[in-house]
Amino acid sequence: MPIRDHSFLLCLVWITMAQLLAQEEKEKTTALKDLLSRIDLDELMKKDEPPLEFPETLEGFEYAFNEHGQLRHINTGEPFVFNYKEDLHRWNQKRYEALGEIITKYVYELLEKDCNLKKEILPVDATEGEPKSFIYVSEDALTNPEKIMVLIQGSGVVRAGQWARRLIINEDLNSGTQIPFINRAKEEGYGVIVLNPNENSLEVEKVPDPAKKPSPDASDEPAEKRERKEERESKKKKDFYEKYRNPQKEREMEHIPIRENSTPEEHTLYVWDQFISKSLAKNIFIVAHSYGGLSFVNLMIQREAEVKNRVRLVAMTDSVHNVWHQEANKPIQDWLREHCCNWVSSPEPLDTLVDPMLNDCPRVSAGTEKHELTSWNSFHSIFKFFSNALKDQEDESSSSPVTTRSSHRTKHEDL
């Protein structure tokens, strides 16, 4: 065979092989693309959400309070870590809430064992099966002839004896609980009543009733409202499924209201009627934080004459009350200006007079811009505020048996 023909055949074979290889490579690429198109990359990025099951004790969480009242890990000594599992915010939040419930029980134990307070069940005439709440009182709360101190917390998850759960967990017991107020009040001869305004209902697991489940067409809701509701629920579910491969289902709960204590305002009014107003104390002093200030103003509106006659002074800390929205009359507003002081969050030094946006009662700086810290930061100032008023009362009694309305006015500049 001539060399030329041989070379031609080699070229032909080479070209054919190249074409076959190219075809094979193309088929592989097509197959790979087809495979990738079937893989949900978002699904691969999803995480398996751990079960929403948590320890029931501090020891189970491996945390304990040290000698300074700080929550620390029993092995590492480190503060509490919220992001225990990275990128699992809902699970971390549920873990935090579970720890918070344990903290609540821990504070109750401190109130009973360390502060020697006793629990009073509400309503006072509660039957065995109905939902109940409770408050804490000192032994002499109703019999102390001179003075009692009433503590009212703000709204939210905090319960009796707490100012702020976040402070208890992240800072210490002194700043986050009412225990320093209780101990000092008892040392200075006050009876003590600790309200529990956020314990408003009994939480029980909801039992689904298929017989009562309405069909979409039979619903009394307007179609547009129902569609918006379904859209919100759909988006909520979608958000969960976009994050987790197996989102854990939460138990459905329902709340059974506690009679005459179903709101903070109701609770404050009830405790006044059943306990505070029945005390023998000549002077009632009140410390009210945040929403507690609003509850007190509501109490004044409901029991104006009684409160004016019995309450000596009110120390508020970053109160959210509003005498105009709450429709307090002018005599109540005048009384608040004379008998109340509100320590508000502010960058100004402690006890510096702050120009009020609402001229209802004097406002002074709590020396902090953190709302939850205002009670603890004002601790010494509040006791000075009360003791000055008692001293003035003693001086007035010893100098003259006759007193006037102006003699009862609080001298806020003494702060």
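Bear in mind the structure is a predicted one, so any value in this text is a computation, not a measurement.

Rules of the game
Residues numbered from 1 in each chain as written. Predicted model: local features only at pLDDT ≥ 70, side-chain atom pairs only at ≥ 80, totals over all residues. Heavy atoms only, no water. Salt bridge = Lys/Arg side-chain N within 4 Å of Asp/Glu carboxyl O. Helix = DSSP H or I, 4+ residues; strand = E, 2+ residues; numbered from the N terminus. Buried < 20%, exposed > 50% of the residue type's maximum accessible area, 1.4 Å probe, protein only. Contact = heavy atoms within 4.5 Å. Core = buried A, V, L, I, M, F, W, Y, C linked by side-chain atoms within 4.5 Å. Phe/Tyr/Trp six-rings, centres within 6.5 Å; stacked < 30°, edge-to-face > 60°. Lys NZ or Arg CZ within 6 Å of the ring centre and 35° of its normal. Pairing = 2+ DSSP bridges. Axes fitted to C-alpha atoms, helices over the stretch in contact; angles between N-to-C directions. Disulfide = S-S within 2.5 Å.

1. Observations regarding the pattern of salt bridges
Taken as a whole and judged by the stated rule, the model has 15 salt bridges. K94 is the salt-bridge partner of E97, the closest N and O atoms lying 3.9 Å from each other. With a gap of 3 residues between them, E97 and K94 both fall in helix α4 (residues 89-113), about one helical turn apart. Residue E97 is classed as partly exposed on the basis of its relative accessible area, which comes to 32%.

2. What about helix α7 (residues 179-187)?
When we look at burial in α7, the residues that qualify are I179, P180, F181, I182 and A185. Downstream of α7 by one or two residues, G189 has phi in the positive range, about 90 degrees.

3. Considering the side chain of N283
Tracing the sequence through the fold places N283 in strand β9 (residues 283-289). The residues contacting N283, other than those within four sequence positions of it, are E146, K147, I148, R310, R312, L390 and Q393.

4. Here we look at helix α9 (residues 264-274)
Of all the 11 residues making up α9, 8 are buried; the element is thus mostly covered by neighbouring parts of the structure. For α9, the complete set of buried residues consists of P264, E265, H267, T268, L269, Y270, V271 and W272.

5. Describing the nonpolar core
Ranked by size, the top nonpolar core spans 51 residues in total, and within it L111 and F386 carry the most contacts. With sequence-adjacent residues up to four places away left out, F386 is seen in contact with M149, Y190, F285, I286, V287, L313 and A315. Counting 34 residues, the second-largest nonpolar core is a separate cluster that includes A141, V150, F296 and L299.

6. Section: the environment of E120
Residue position: E120 is located in strand β3 (residues 118-122). By relative accessible area, E120 is classed as partly exposed at 24%. Placed 16 residues apart in sequence, E120 and Y136 show a C-alpha to C-alpha distance of 6.1 Å. The residues contacting E120, other than those within four sequence positions of it, are S133, F134, I135, V137 and F275.

7. With respect to the packing of aromatic side chains
Centre distance and the angle of the planes are the two values used to describe a pair of aromatic rings. One pass over the structure, following the stated rule, counts 20 aromatic pairs. Centre to centre, the rings of F80 and Y96 are 6.0 Å apart; their planes meet at 50 degrees, and the pair counts as tilted. Highlighted residues: F80 in the loop between β2 (71-73) and α4 and Y96 in helix α4, separated in sequence by 16 residues. For Y96, a relative accessible area of 13% puts it in the buried group. Joined through ring pairs, the aromatic side chains of W163, F181, Y190, F285, W343, W376, F379, F383, F385 and F386 make up one cluster. The positively charged end of K119 is found above the aromatic ring belonging to F134, 4.3 Å away from the centroid. Note that K147 overlies the ring of Y190, its terminal NZ or CZ placed 4.3 Å from the centroid.

8. Notes on the sheet that holds strand β10 (residues 311-317)
Reading across the sheet, the 8 strands line up as β3-β4-β6-β5-β9-β10-β11-β12 and stay open at both edges, with mixed pairing between neighbours. The open sheet has two edge strands, β3 and β12 (363-365), and neither has a second partner. Adjacent strand axes in the sheet meet at a mean angle of 20 degrees, parallel and antiparallel pairs treated alike. Sheet analysis places strand β11 (residues 340-344) next to β12, joined by 3 bridges and oriented parallel. For V344, the partnering residue across the bridge sits in β12 and is S365. Running at roughly 160 degrees to strand β6 (residues 191-194), α7 makes contact with β5 (147-152), β6 and β9 of the sheet.

9. Considerations on the state of the cysteines
Applying the stated criterion to the full structure yields 0 disulfides. Here C340 stays unpaired: no disulfide links it, and the sulfur of C361, its closest cysteine neighbor, is 3.4 Å away. There is no disulfide at C341, and the cysteine sulfur nearest it, in C340, is 6.9 Å away.

10. A few points about the side chain of S295
Residue placement: S295 occurs in helix α10 (residues 291-302). Sequence-distant contacts of S295, that is, excluding residues within four places in its chain, are made with P264, E265 and T268.

11. Remarks on unusual backbone geometry
Residues other than glycine predominantly adopt negative phi, and peptide bonds predominantly adopt the trans conformation. Residues L122 and P123 are joined by a peptide bond in cis, for which omega reads -10 degrees. Turning to its location among the elements, P123 is positioned in the loop between β3 and β4 (133-137). The backbone of E260 shows a phi angle near 60 degrees, a positive value even though the residue is not glycine. Locating E260 in the fold gives a position in the loop between β8 (253-257) and α9. In this model, E327 sits at a positive phi of 60 degrees, which is unusual for a non-glycine residue. Along the polypeptide, E327 turns up in the loop between β10 and α12 (330-339). Residue E327 is classed as exposed on the basis of its relative accessible area of 68%.

Geometry only, nothing functional implied.
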